[in-house]
Amino acid sequence: MVFETQDAAEWQSAVPRIRAELGLTDASMLRVETLCGRAEQPTVYRLSRFVPYPRAEETTQA
């Protein structure tokens, strides 16, 4: 996870900035989650970065 907030306005302004800072230009490498809240828990916005599994040839060379 790269970023998490309960503030929708903070989420809207932070995501483009974080993507630029981390050089995350490939949208397929990002996971954007909105965990819907209820009366007891607020909504949570989360940005995560995918970490790919090593390819088979990379693990056999070690």
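Bear in mind the structure is a predicted one, so any value in this text is a computation, not a measurement.

**What about the sheet that holds strand β2 (residues 30-35)?**
No. 1: If you walk across this open sheet you meet the 3 strands as β1-β3-β2, and the pairing is antiparallel. Edge positions in the sheet fall to β1 (3-5) and β2, since each of these pairs with one other strand and no more. Along the sheet, successive strands turn relative to each other by an average axial angle of 10 degrees, direction set aside.
No. 2: Strand direction decides the pairing type here: β2 and strand β3 (residues 44-49), joined by 6 bridges, are antiparallel. Along β3, the bridge assignment pairs V32 with L47.
No. 3: Seen against the sheet, helix α1 (residues 8-22) touches β1, β2 and β3 and runs at an angle of roughly 10 degrees to β3.

**Re α1**
No. 1: For α1, built from 15 residues, the straight-helix expectation of 21 Å at 1.5 Å per residue is met to within 8% by its first-to-last C-alpha distance of 21 Å.
No. 2: Restricting attention to buried positions, one finds in α1 the residues W11, A14, V15 and I18.
No. 3: Considering only its buried residues, α1 is in contact with β1, β2 and β3.
No. 4: Put simply, D7 is the residue that caps the front of α1, since its side-chain oxygen is 2.9 Å from the backbone nitrogen of A9.
No. 5: Phi for G23, located one or two positions after α1, is positive at around 70 degrees.

What counts, and where the lines are drawn
- Residues numbered from 1 in each chain as written.
- Predicted model: local features only at pLDDT ≥ 70, side-chain atom pairs only at ≥ 80, totals over all residues.
- Heavy atoms only, no water.
- Pairing = 2+ DSSP bridges.
- Helix = DSSP H or I, 4+ residues; strand = E, 2+ residues; numbered from the N terminus.
- Axes fitted to C-alpha atoms, helices over the stretch in contact; angles between N-to-C directions.
- Contact = heavy atoms within 4.5 Å.
- Expected span 1.5 Å × (residues − 1).
- Buried < 20%, exposed > 50% of the residue type's maximum accessible area, 1.4 Å probe, protein only.
- Polar contact = N/O pair within 3.5 Å; in protein donor to acceptor, adjacent residues only side chain to side chain.

So yeah, pure geometry; function would need other evidence.
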